[in-house]
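What follows is the residue order along each chain.
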Amino acid sequence: GGVMRLDLTPPKTGRFETLTFPALADGEGESRVTPSWRLALPSVASERAAWSLARRATPGRDEGEGESAYIDRLREHLAAHGAILPEGRLDITARVEGAIQAVALSAHAEALILDWEGFGNAEGEAIEPDAVSICAAMRLPYIANRFENWLMRKLAGISQEGNG
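Residues numbered from 1 in each chain as written. Predicted model: local features only at pLDDT ≥ 70, side-chain atom pairs only at ≥ 80, totals over all residues. Heavy atoms only, no water.

Undergrad: Could you give an account of the packing of helix H1 (residues 44–57) against helix H3 (residues 92–112), naming the residues involved and the relevant values?
TA: In contact at an axis separation of 8 Å, H1 and H3 are set at 130° when each is read in the N-to-C sense. As the angle between them shows, H1 and H3 are arranged oblique. Handedness of the crossing formed by H1 with H3: right-handed. Of H3, the residues touching H1 (which contributes Ser46, Glu47, Ala50, Trp51, Leu53, Ala54 and Arg55) are Glu97, Ile100, Gln101, Val103, Ala104, Ala107, His108 and Leu112. (Axes fitted to C-alpha atoms, helices over the stretch in contact; angles between N-to-C directions. Helix = DSSP H or I, 4+ residues; strand = E, 2+ residues; numbered from the N terminus. Parallel < 35°, antiparallel > 145°, perpendicular 65-115°, else oblique. Left-handed = near helix turned anticlockwise from the far one by under 90°. Contact = heavy atoms within 4.5 Å.)

Structural data, given as structure tokens:
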């Protein structure tokens, strides 16, 4: 037939990096486990996709909706994405922008995590990285900050090369 046949298997390149979380290391001696993520490298495209997903996912304010009602709705929505609404004296626009950024970060983590080690559920059983467990991990500021710093370094490197 006259169709373009696409190879849908992801390329098996060795282009990934391990990001460790030393502050979360647990156990003694040889049984000591340092949680880590195996991450695909980000690109300009993966960054754009994460932001556009976050923008689509973040609800706008309804006509006639009070600010506090909107903020409650926003907070609930963000929690589902593993993101926390920035508090403090920021105006609503700045808080929404901060919220979108947090959702984008979480979405980007979800897109890039290939595998992880040392993460478990409340019973201490190892779990696979999926949308729910990655969101739960991203609620921990230490993890979110460490991932964000890694991501910014990688994206800065891409912009210096002038390609993504």
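Undergrad: Report on the side chain of Ser106, specifying residues and quantitative values.
TA: With respect to the helices and strands, the residue Ser106 is situated in helix H3. You can call Ser106 buried: its relative accessible area is 2%. Look past the residues within four positions of Ser106 in its chain and what remains in contact with it is His81, Ile134, Cys135 and Met138. (Buried < 20%, exposed > 50% of the residue type's maximum accessible area, 1.4 Å probe, protein only.)

Undergrad: Break down the pattern of salt bridges for me, with residues and values.
TA: Evaluation of the coordinates by the stated rule reveals six salt bridges. One salt bridge in this structure joins Glu97 and Arg55, with 3.5 Å as the shortest N-O distance. In this pair, Glu97 sits in helix H3 while Arg55 sits in helix H1, placing the two residues 42 residues apart along the sequence. Take Glu97: its relative accessible area is 38%, and that puts it in the partly exposed class. (Salt bridge = Lys/Arg side-chain N within 4 Å of Asp/Glu carboxyl O.)

Undergrad: Tell me about the nonpolar core, and please be specific about residues and values.
TA: By size, the foremost hydrophobic cluster in this structure holds 20 residues, and its most contacted members are Trp37, Leu39, Met138 and Phe147. Examining the composition of this core, we find that seven residues originate from one element, helix H5 (residues 141–161), more than from any other. Discounting chain neighbours no more than four positions away, the residues touching Leu39 are Phe16, Glu17, Leu19, Leu112, Ile113, Leu114, Phe147 and Trp150. Residues Ala54, Leu78, Ile92 and Val96 belong to the second largest nonpolar core, which totals 13 residues. (Core = buried A, V, L, I, M, F, W, Y, C linked by side-chain atoms within 4.5 Å.)

Undergrad: Outline the packing of helix H2 (residues 67–80) against H3, listing residues and values.
TA: One can describe the packing of H2 onto H3 by two numbers: an axis separation of 11 Å at closest approach and a directional angle of 10°. Here H2 lies roughly parallel to H3, going by the angle between them. Together, Glu67, Tyr70, Ile71, Leu74, Arg75 and Leu78 of H2 and Ile92, Arg95, Val96, Ala99 and Val103 of H3 make up the contact between the two elements.

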